[in-house]
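# Working through the structure, step by step
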Amino acid sequence: MATEELDGVALSSLDAPLGDGLGVTKGDLVRYLADVADRLVPGLVGRPLSVMRVRPGQAPFMQRNVSKGAPAWVRTVPVWAAGAHREVHQVLCDDRRTLIWLANQRAVEFHVPNLCVDEAEPTGLVLDLDPPEGADFTAVVAVAGLVRRALEDSGLTGAVKTSGSKGVHVVVPVAGSSFEDVAAATRALAARTAALDPERATTAYLKEDRAGRVFVDSTRSGQGTVVAAYSPRIRPGLPVSFPVPWDRLGDVRPADFTVTTAPGLLGGDDPWAAALPVPQALPADLVAQGHTIPVARVQAMHEGKRRKRAAEAAGE
């Protein structure tokens, strides 16, 4: 990049390593985000943004509150952060200039909730498929097929993308449902997926209970976040979360899509926008089933405490 300014944003250290062990420069990140901004930004618009940032010599860190000294044109929205017990001001990345500004701060991952600040209802649900340690991507592909069957059996359709890490995300746009009902429907879909092949898929939140199966994670819906389509991930080579047609999922690997390869694969297309179905109403029976299923994190917390007490009692 010949210039040290882009979209009115002063850039620095473009030739410097982006972070430890990533094998790319800060300029590689800036160039990629500038190239795909017209496809990445639509998935960020109006959504309170959480970013994962890197710095050489430091561990990656999540940032929700806007950086001090942010330009006046960077839009933010106040959000109550339960973990921090305070209000934070999260960035709304509504244009390419804001994206470039974030890139200049070494913001690599862009995580968004299934909600927009000007809408009262969630915009979608997500199932995150997480393979067990050492598993081949083919295990994830097989369970993604189960998710697709569970969706079809429920009268729904979704789109699939690599997570940019080891798994995939299945996204279902929805309309007309509360956060509680969307979260419940996600739990029900995860349960229906696991029931199709319990030897391949599981909803067990505790890793020791998964027994080498792919985890069908329902916790990204409701108030949770998911990495946006086309967002890089903090991995060597900077792979990106990339949309893949259902019938081609078995032909790819997550490492096929990186900040250096993805722009050429995209050309001028936006396959994620093309793949996403129109928002759908959730079936009443799916929502009702979901409300009978405990929230995974809460259930796991109680089970973990129970096991700890049992272990302590056995030790005594």
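Here, the structure is the one placed above.
Criteria and cut-off values
Residues numbered from 1 in each chain as written. Predicted model: local features only at pLDDT ≥ 70, side-chain atom pairs only at ≥ 80, totals over all residues. Heavy atoms only, no water. Helix = DSSP H or I, 4+ residues; strand = E, 2+ residues; numbered from the N terminus. Rg over C-alpha atoms; globule rule 2.2 N^0.38 Å. Buried < 20%, exposed > 50% of the residue type's maximum accessible area, 1.4 Å probe, protein only. Contact = heavy atoms within 4.5 Å. Areas by Shrake-Rupley, 256 points an atom, 1.4 Å probe, with all protein chains shown as cover. Lys, Arg positive; Asp, Glu negative; His and termini not counted. Charge placed at Lys NZ, Arg CZ, Asp CG, Glu CD. Expected span 1.5 Å × (residues − 1). Arc of directions from axis to C-beta. Salt bridge = Lys/Arg side-chain N within 4 Å of Asp/Glu carboxyl O. Pairing = 2+ DSSP bridges. Axes fitted to C-alpha atoms, helices over the stretch in contact; angles between N-to-C directions. Core = buried A, V, L, I, M, F, W, Y, C linked by side-chain atoms within 4.5 Å.

### Quick notes on the overall build of the protein chain
Broken down by element type, the protein chain carries 8 helices and 13 strands. The C-alpha radius of gyration computed for the protein chain amounts to 20 Å, which stays within 12% of the reference 20 Å derived for 316 residues, consistent with globular compactness. In terms of overall dimensions, the protein chain has C-alpha extents of about 60 × 50 × 40 Å along its principal axes. Buried positions account for 50% of the 316 residues belonging to the protein chain. Contacts in the protein chain between residues at least 24 apart in sequence constitute 72% of all its contacts with a sequence separation of at least 6. As presented, the protein chain carries roughly 14,500 Å² of accessible surface, and 52% of it is formed by carbon and sulfur atoms. Looking at charge distribution, the protein chain has the averaged site of its 34 positive side-chain charges lying 5 Å from that of its 37 negative ones.

### Some remarks on helix 3 (residues 137-153)
With 17 residues, helix 3 extends 25 Å from end C-alpha to end C-alpha; this agrees with the ideal 24 Å at 1.5 Å per step. Among the residues of helix 3, those classed as buried are F137, V140, V143, A144, L146, V147, A150 and L151. End-on, the buried residues of helix 3 take up no more than an arc of 160°, which puts them together on one face. Looking at the packing, one finds that the buried side of helix 3 touches strand 8 (124-130), strand 10 (168-173), helix 4 (179-196), strand 11 (201-202) and strand 12 (214-217). At the exit of helix 3 stands G155, carrying a positive phi of roughly 80°.

### Here's the deal with the pattern of salt bridges
Counted by the stated rule, this structure contains 13 salt bridges. A salt bridge links R220 to D128, with the shortest nitrogen-to-oxygen separation between them at 3.3 Å. One end of the pair, R220, is in the loop between strand 12 and strand 13 (225-227); the other, D128, is in strand 8, and 92 residues separate them in sequence. One salt bridge in this structure joins R192 and D285, with 3.0 Å as the shortest N-O distance. Of the two residues, R192 is situated in helix 4 and D285 in helix 7 (residues 284-290); the sequence distance between them amounts to 93 residues. Judged by its relative accessible area of 22%, R192 falls in the partly exposed class. Judged by its relative accessible area of 48%, D285 falls in the partly exposed class.

### What to know about the sheet that holds strand 4 (residues 61-63)
Read from one edge of the open sheet, 4 strands run 4-3-7-13, paired in antiparallel fashion. What marks the edges here is a single partner per strand, and that holds for strand 4 and strand 13. Neighbouring strand axes in the sheet, compared pairwise and without regard to direction, differ in orientation by 30° on average. Looking at chain direction, strand 7 (residues 107-113) and strand 13 are connected through 3 bridges and run antiparallel. Bridging across to strand 13, H111 finds its partner in V227.

### Side note on the nonpolar core
Looking at soluble globular proteins, one finds that nonpolar side chains tend to be buried together. Residues L44, L99, F110 and L129 are the most contacted members of the largest nonpolar core, which totals 81 residues. For this core, the leading source of residues is helix 1 (residues 26-40), giving 8 residues. Excluding residues within four positions of it along the chain, F110 makes contact with L33, L44, L49, S50, V51, L99, L102, V226, V227, A228, S231 and P232.

### A word on unusual backbone geometry
Residues other than glycine seldom take positive phi values, yet S13 does so here, at roughly 55°. Positionally, S13 belongs in the loop between strand 2 (9-10) and helix 1. Positive phi is not limited to glycine here, since A211 has a value of about 50°. Its place among the elements puts A211 in the loop between strand 11 and strand 12. By relative accessible area, A211 is classed as exposed at 67%.

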